[in-house]
Amino acid sequence: KVVESWTSEEKPHYIEMLPTGEYTLHEESAPDGYLVAEDIQFEVKDTGEIQKVTMKDEPKKPEIPETPKTGDRTEIFFWFLLLCLASILMIAPLVSCVKEQRRGCKD
C-alpha cells in the first residue's frame, strides 16, 4: 500500500505522524545520469523522536566506447626471429667458404 508519493527536490521530504510499523522506501525513477536506488526497508518505532531514512542515487558510470583496433597487429618478435634466421642462413655459407680458403692457403 502506497503511504505517500512525491518528487524529490533539493530539500528533504518529511512525512509526519507515520504510524509505527515496517515500511519500504521505493524509487520509481532516477534523475538523468543516476541509477535507480535499491529499495530501503525501515521500521518506524514508537520513540517520540524524529527518525531519518536516507536514500541516495549513485551516478551512472560513463560508458567507455570500445576503441577500434587499427594498424598492424603482427608481432615484432616473429619478424625479429625471422631476420635472425635469415642472417644465419646467409652468413653460414660465407664463413664456411672463408674457412675453406684459409685451409687452401696453409697447404
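When its secondary structure is counted, the protein shows one helix and two strands. Walking the protein from its N terminus toward its C terminus, one meets helices and strands in the order β-β-α. At 39 Å, the protein has a C-alpha radius of gyration far larger than the 13 Å of a compact globule built from 107 residues. Each principal axis of the C-alpha atoms in the protein carries an extent, and together these give about 120 × 30 × 25 Å. A burial count over the protein gives 5% of its 107 residues as buried. Taking contacts inside the protein between residues at least 6 apart in sequence as the whole, the part at least 24 apart equals 30%. Taken as a whole, the protein presents about 11,100 Å² of accessible surface, with 56% of it coming from carbon and sulfur. Placing the 13 positive and 21 negative side-chain charges of the protein at their respective mean positions leaves the two points 20 Å apart.

A separate point is a nonpolar patch on the surface. On the surface, a nonpolar cluster with roughly 540 Å² of combined accessible area is contributed by Phe78, Trp79, Leu82, Leu85 and Leu89. Residue position: Phe78 is located in helix α1 (residues 76–106).

Turning to the side chain of Glu27, a few remarks are in order. Summarising the element assignment, Glu27 is placed in the loop between β1 (21–25) and β2 (40–44). No salt bridge is formed by the buried Glu27; the nearest opposite charge belongs to Lys60, separated by 11 Å. Separated by 2.7 Å, the side chain of Glu27 and the backbone nitrogen of Ala37 make a polar contact. Contacts of Glu27, omitting those with residues within four sequence positions, involve Leu35, Val36, Ala37, Asp39, Met55 and Asp57.

Cut-off values and rules
- Residues numbered from 1 in each chain as written.
- Predicted model: local features only at pLDDT ≥ 70, side-chain atom pairs only at ≥ 80, totals over all residues.
- Heavy atoms only, no water.
- Helix = DSSP H or I, 4+ residues; strand = E, 2+ residues; numbered from the N terminus.
- Rg over C-alpha atoms; globule rule 2.2 N^0.38 Å.
- Buried < 20%, exposed > 50% of the residue type's maximum accessible area, 1.4 Å probe, protein only.
- Contact = heavy atoms within 4.5 Å.
- Areas by Shrake-Rupley, 256 points an atom, 1.4 Å probe, with all protein chains shown as cover.
- Lys, Arg positive; Asp, Glu negative; His and termini not counted.
- Charge placed at Lys NZ, Arg CZ, Asp CG, Glu CD.
- Patch = residues over 30% accessible without salt bridge, like charges linked within 9 Å, V, L, I, M, F, W, Y side chains within 5 Å.
- Salt bridge = Lys/Arg side-chain N within 4 Å of Asp/Glu carboxyl O.
- Polar contact = N/O pair within 3.5 Å; in protein donor to acceptor, adjacent residues only side chain to side chain.

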